[in-house]
Structures are given as structure tokens and as C-alpha cells.
Amino acid sequence: MQWATLLPGAVIGGVSWFLWKFFRHILCKSPLDNIPGPRSDGFLYGNFMQMLDRHAAPMYDYLTDTYRGIVRLAAPLGHRSLYVYDPVALHTILLKDQHIYEEAGWLLRGDQGERHKKQRKLLNPCFSVTHMRRMIPIFTDIGHKLQIGIENRMNGRECTVEVDILSWMGRTALELIGQAGLGYSFDPLVADSTDEFAAAIKMLQPATFEIHLLHRLLPHLPEWGSPWLRRKLVELFPHKGVQRVREIVDTLHQRSVGIYEERKRALLLGEEAHLHKLGEGKDLMSILLKANMEASEEDKLPEEELIGQVSSFIFAAMDTTSNALAMTLHLLAQHPDVQDKLRKEVLEASNGEDLNYDTLVGLPYLDAVCRETLRLHTPVGMVVRESRQDTILPLSEPIIGVDGTKMHEVFVPKDTTLFIGILSCNRNKAIWGEDALDWKPERWLSPLPESVTKAKIPGIYSHLMTFIGGGRSCIGFKFSQLEMKVILYLLLMKFTFALSDKPIMWNVSGVRYPTVGEDTKPSLPLRVGLYRPQPGSA
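Definitions and limits used
- Residues numbered from 1 in each chain as written.
- Predicted model: local features only at pLDDT ≥ 70, side-chain atom pairs only at ≥ 80, totals over all residues.
- Heavy atoms only, no water.
- Phe/Tyr/Trp six-rings, centres within 6.5 Å; stacked < 30°, edge-to-face > 60°.
- Buried < 20%, exposed > 50% of the residue type's maximum accessible area, 1.4 Å probe, protein only.
- Lys NZ or Arg CZ within 6 Å of the ring centre and 35° of its normal.
- Pairing = 2+ DSSP bridges.
- Helix = DSSP H or I, 4+ residues; strand = E, 2+ residues; numbered from the N terminus.
- Axes fitted to C-alpha atoms, helices over the stretch in contact; angles between N-to-C directions.
- Contact = heavy atoms within 4.5 Å.
- Expected span 1.5 Å × (residues − 1).
- Parallel < 35°, antiparallel > 145°, perpendicular 65-115°, else oblique.
- Left-handed = near helix turned anticlockwise from the far one by under 90°.
- Nonpolar A, V, L, I, M, F, W, Y, C, P; charged D, E, K, R; others polar.
- Core = buried A, V, L, I, M, F, W, Y, C linked by side-chain atoms within 4.5 Å.
- Patch = residues over 30% accessible without salt bridge, like charges linked within 9 Å, V, L, I, M, F, W, Y side chains within 5 Å.
- Areas by Shrake-Rupley, 256 points an atom, 1.4 Å probe, with all protein chains shown as cover.
- Salt bridge = Lys/Arg side-chain N within 4 Å of Asp/Glu carboxyl O.

A word on the packing of aromatic side chains
In this description, an aromatic ring pair is defined by two values, namely the gap between the centres and the angle between the planes.
Then, number 1: All told, the structure shown has 11 aromatic pairs when counted by the stated rule.
Then, number 2: Seen from their ring centres, tyrosine 461 and phenylalanine 467 are 5.3 Å apart, and the 85 degrees between their planes marks the pair as edge-to-face.
Then, number 3: Taking relative accessible area as the criterion, phenylalanine 467 reaches 9% and is therefore assigned buried.
Then, number 4: In textbook terms, an aromatic cluster arises when at least three aromatic residues are bridged by ring pairs, as seen for Tyr60, Tyr83 and Tyr85.
Then, number 5: A cation over an aromatic ring shows up here: lysine 341 above the ring of tyrosine 365, its NZ or CZ 4.3 Å from the ring centre.

Shown next as C-alpha cells:
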């Protein structure tokens, strides 16, 4: 009888809390209302569909050119959010007050707070310069297999052949992180193959986007009840998108457990077992497992977190590296003079031999091409943070509010979603000059202008936000840079790249990707030919 009396009240209280939590902003004014921003596209999605549509590139250009470092956006269901690319504001979000701005709860996210710090502490040695030197033979071997695979497709023809470069770069990036990261081979490269794990990694982000509104409405669902109960609730949830995500996650978990157990067995068997494995125990997972075994009890990671690192390594390194390589080759095809100059540099440096670490990282024009591509065409255009408390966000330059007042700082209410404008910061004309939208590798061969050096951009890489900064910066950015340089120099020594007659469109997504025109399938066809040195050339 008592439960019968209390239950209606509990239900009413719960529904009232939900309605107030998610719709109070409709009734209440917000300090964010005084920040200039574009008109909302509707109550249900606000500006989000304009931002997340694959044709959204003009929207980002509009925000960068029209506003001054911070923009108010309309979020779904009448919420307000911020788009930020002001350098001082970014420094506050990513460094000074990073404990206040955590990854958004309505996105798929990594571990938070102390758990993340513990993971990073163990992973740091895996990405040291000393260890990167040991990666060169692995990267080079994979690069040679890529050369063979592409050359086999040409069937000895003297003329150029159309090749889907994106597909080859995706296969290569997976094999690079597979062997160097996990001591595991996914793809022989010299022959066609498919891998269920790789396919699941590629499908995870699009599948998650399909249910992003559900995820936003129920950000705390993953924290309710026991793992068994949460699993049952997901299995019973009547939504095709949710079930698709569950199937993908199951595939990732099963394969991750298998790879983890294999590396663990090899480590327990000792050095002799490693000598007969890919990477000979120099892969990142083997190093992480060994470091974890030697760590103090308070620093040790539990087994489930170690297993999670398997898919984390691949998810972080596969599409970003492959699409950056594809973009670089696309740009070289558009700029044959830059391609010729870069090929000349690597041929002279190699003298027919594989490059060692010091020679490779010392090639100035190769470095300039990579930096400029990652500046202008960063694979990830933005990341998301959420304020955990009311806070003040300072600005490098004042903005004029909607009411005409000059604002040197912005009050950010708790639970505000902030989009970190990586692409906008990298393309900001106030920082990079009027030629900020031009692809000019030569800009890196002389000292950068004061507007760049004095901006104090908080990125960990070359005054850029490409790999962001702070405690959640990309820990593997040196690894990624090395991968790109090895693959580019080996490809340029062997092949030439030219545009095909098919129109290429680069689409906005979690990681930007190319398609042929309006086609939805990711693809980048280029004309590839065997490089034939001219008489008297290098």
C-alpha cells in the first residue's frame, strides 16, 4: 500500500526533473544569448545539422570569416552551445581549466579525470623519440608491401592507371597501427583482403551519429545499474540504430580480447616468444603490458582498460592517418610542381636506399608539405567539451555583444557544450594572414610571422590545433607524423600521381573523407604511374 502511494509521486518527480533539466533554458534567459551567432535552423536540431552535414564546409568558413573567435550556436531542443577558436579561450579550455571542460557526456568518450591520467602515464613511454626510431623498420617494410600491391594493380602497363588511393591508404594505416601498435597483421597489402575488425572501426562513427539525439537525451544512461542490466536494456531497446551500434561494439570487443590475450601470452613466455611475433615485442601494446606489470599497484590499469586500448589505438590512428595521407596525395596531384620538388628531395636523400630516422625527419620540404596539409586540411575539424561548472572564459580580443556592449570574457554556465574549432583556428586569417586558405608548403621554410608566434595557440604541434593540446592532446602525434613521412617518401620514389577526370569532394564528418561527387561511398581515384627518371635527373 505504501509503495502504491509513493510510486505516482516518484514518477511525477522524475518526469518533472527531466522536463526542467532539458527544457528550463526555453523559459530562462542565458548569458550566452548576448554572444553573436547564426540564426537557428529550428527547435529540434538548432544549428547542429548545418554543422554536421557532410556538405557543411561553407558553414565553417562562414563562422571563421564572420565572427571573432567565439560564436553562439543553437543546439538541439532549444539549448545553447559555443563554437570556440579564440587562442586565449582555447588555452583556458584545454590547459588552464581543463578539469572544468571535460568531453561531452552525450558523445562516445574516453575515460575521465584520474583514470585518464593513469592511462596516459603508462602510455607516454610508448611514444618517445627512442621508441619512434624502432618503428622505422616496421613502417618501411609495410611501405614496401604497399609499393608491391599498387604495382601489381598496374600489371606492367606503361600508362597511368586509376587507383582508389583512399582504399590503399586505409589498408596501409590499419596495417601500420596493427603491426607497430598491436603486434598483429590485419592485411598483407600485396593481395586483396577484408577484415571484420577494420570494417567495424569504420562503421562505428557513422552508426553512432545515427543515434546522437538519443545519446544527447540520455547522457547518463551508461552509468545506470550494473553492466549486466545495462547490457539487457540495450538488447531490448527497440531501435535499429542502437542494435547496429551494439553489434559493432560486440565485434570490436571480441577481437580486442583476442589480440590482448595473444600479446599477454607472448609477454609471459618471455623474449624468445617475442622474436617469432610481428614487431618482436616492440609494438605499443607489448610495451604497455610490460609497463603495467612493472607499475605500482596504484598505477596499474585493470584488464578491461588494457583491452579497451586495442580498439582505442586503431580508432585513433586509422582514419585520421589514412585520410591525411590521401589528402596529401590529392594535393600533390593538384600541384605537380610541389610533387616534383618533393620527389627530388627524397631521391637525393635516399640514393636508392631506405631512409633512417634522422635523415627522414631532417627533410625540410617533406616536413613542410606535411605541416601545411595538417594545417589547412586537418582530418578532425573540431572536438567537443562540456563545462562541469559555471565558469568564466577569457578572450584574446573583445567581441561586441548583441546588445552592443564590449565583452572581454564570457560567462559559461554549467553543462554548456563547447565545440573546439580546430579547423577555424588553423585557417584564421587574423593569425595566418590573408593567404591562410592557400596550400603553401613554402610558408614553413622561413620564420613564421609574429601574428602566429604571438598568438600562443595551445596546440602541441607547430602552432596548430590539429592534435589539440593539454591533457587530452593526441599522444600519438609523433607516431602519426612518422607514418605519413615513411609512406609518402616510399610512394614518391616509385610512383607519380595525377588527377583523374572524376570530381572529388571532401566531406565534413568526425574525420573528413573524400567521395566522387555526390556519391556517399568514400573514395579517392587518382591516376598513378610508375616513376621513370629523366636522363640526367636524380
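A closer look at the sheet that holds strand 9 (residues 495-499)
Then, number 1: The strand order across the open sheet formed by 3 strands is 4-12-9, and the pairing between neighbours is antiparallel. Edge strands, defined here as strands with exactly one partner in the open sheet, are strand 4 (161-164) and strand 9. The average angle at which neighbouring strand axes cross in this sheet is 45 degrees, direction not considered.
Then, number 2: Relative to strand 12 (residues 525-530), strand 9 is paired through 5 bridges, and the arrangement is antiparallel. Within the sheet, the bridge partner assigned to leucine 499 lies in strand 12 and is leucine 526.
Then, number 3: The sheet contacts of helix 6 (residues 129-154) involve strand 4, strand 9 and strand 12, and relative to strand 12 the element is tilted by about 90 degrees.

Things to note about the pairing of strand 5 (residues 382-387)
Then, number 1: With 6 of 6 residues buried, strand 5 is to be regarded as a mostly interior element.
Then, number 2: A two-sided burial pattern is seen for strand 5, the buried positions comprising Met382, Val384 and Glu386 on one face and Val383, Arg385 and Ser387 on the other.
Then, number 3: Relative to strand 5, strand 3 (residues 101-103) is paired through 3 bridges, and the arrangement is antiparallel. Across the sheet, residue glutamate 102 finds its bridge partner in strand 5, namely glutamate 386.
Then, number 4: Strand direction decides the pairing type here: strand 5 and strand 8 (residues 417-421), joined by 5 bridges, are antiparallel. Within the sheet, the bridge partner assigned to glutamate 386 lies in strand 8 and is threonine 417.

Here we look at unusual backbone geometry
Then, number 1: The backbone of asparagine 351 sits at a positive phi, close to 50 degrees, despite the residue not being glycine.
Then, number 2: Considering the arrangement of structural elements, one finds asparagine 351 in the loop between helix 15 (336-350) and helix 16 (357-361).
Then, number 3: With a relative accessible area of 66%, asparagine 351 lands in the exposed category.
Then, number 4: Unlike most non-glycine residues, isoleucine 468 shows phi in positive territory, near 45 degrees.
Then, number 5: Position of isoleucine 468 among the secondary structure elements: in the loop between helix 20 (450-453) and helix 21 (477-494).
Then, number 6: The buried category is assigned to isoleucine 468, whose relative accessible area is 7%.

Points about the sheet that holds strand 8
Then, number 1: Here 5 strands make up an open sheet; going across it, the order is 1-2-8-5-3 and the pairing mixed. The open sheet terminates on both sides in strands that have one partner only, identified here as strand 1 (70-74) and strand 3. In this sheet, neighbouring strand axes are inclined to one another by 35 degrees on average, regardless of whether the strands run parallel or antiparallel.
Then, number 2: Relative to strand 8, strand 2 (residues 80-84) runs parallel, the two being bridged by 4 bridges. Residue pairing for strand 8: leucine 82 is matched across the bridge by leucine 418.

Side note on the pairing of strand 11 (residues 513-516)
Then, number 1: In this sheet, strand 11 lies alongside strand 10 (residues 504-507) in antiparallel orientation, the contact comprising 4 bridges. Each bridged residue has a counterpart across the sheet, and for tryptophan 506 the counterpart in strand 11 is proline 514.

Regarding helix 21
Then, number 1: With 18 residues, helix 21 extends 26 Å between its outermost C-alpha atoms, agreeing within 8% with the 26 Å of an ideal straight helix rising 1.5 Å per residue.
Then, number 2: Taking burial as the measure, the 18 residues of helix 21 include 15 buried ones, the bulk of the element.

Brief notes about the packing of helix 6 against helix 7 (residues 165-182)
Then, number 1: Here helix 6 crosses helix 7 at 150 degrees, and the two axes come no closer than 10 Å. Between helix 6 and helix 7, the angle falls in the class roughly antiparallel. The chirality of how helix 6 crosses helix 7 is right-handed. Counting all contacts with helix 6, which are made through Met135, Ile138, Phe139, Ile142, Lys145, Leu146, Gly149, Ile150 and Arg153, the residues of helix 7 involved are Trp168, Met169, Thr172, Glu175, Leu176, Gln179 and Ala180.
Then, number 2: Taken together, the residues of the contact of helix 6 with helix 7 break down into 10 nonpolar, 3 polar and 3 charged.

Concerning the side chain of histidine 330
Then, number 1: Relative to the helices and strands, histidine 330 is located in helix 14 (residues 303-334).
Then, number 2: Beyond its immediate chain neighbours, meaning those up to four positions away, histidine 330 contacts Leu499, Ile504, Trp506, Leu524 and Leu526.

A word on the nonpolar core
Then, number 1: Counting residues in hydrophobic clusters, the biggest one holds 146 residues, and the most contacted among them are Tyr83, Met169 and Phe497.
Then, number 2: Broken down by element, the residue count for this core peaks at 15 residues, all from helix 14.
Then, number 3: For methionine 169, the contacting residues outside a window of four places in its chain are Leu146, Ser322, Leu325, Ala326, Leu329, Ile487 and Leu491.

Brief notes about a nonpolar patch on the surface
Then, number 1: Together, Trp228, Leu229 and Leu233 make up an exposed nonpolar region whose accessible area comes to about 340 Å².
Then, number 2: Following the sequence through the fold, tryptophan 228 ends up in helix 10 (residues 227-236).
Then, number 3: A relative accessible area of 61% means that tryptophan 228 is categorised as exposed.

Read these as layout, nothing more, since geometry by itself doesn't imply function.
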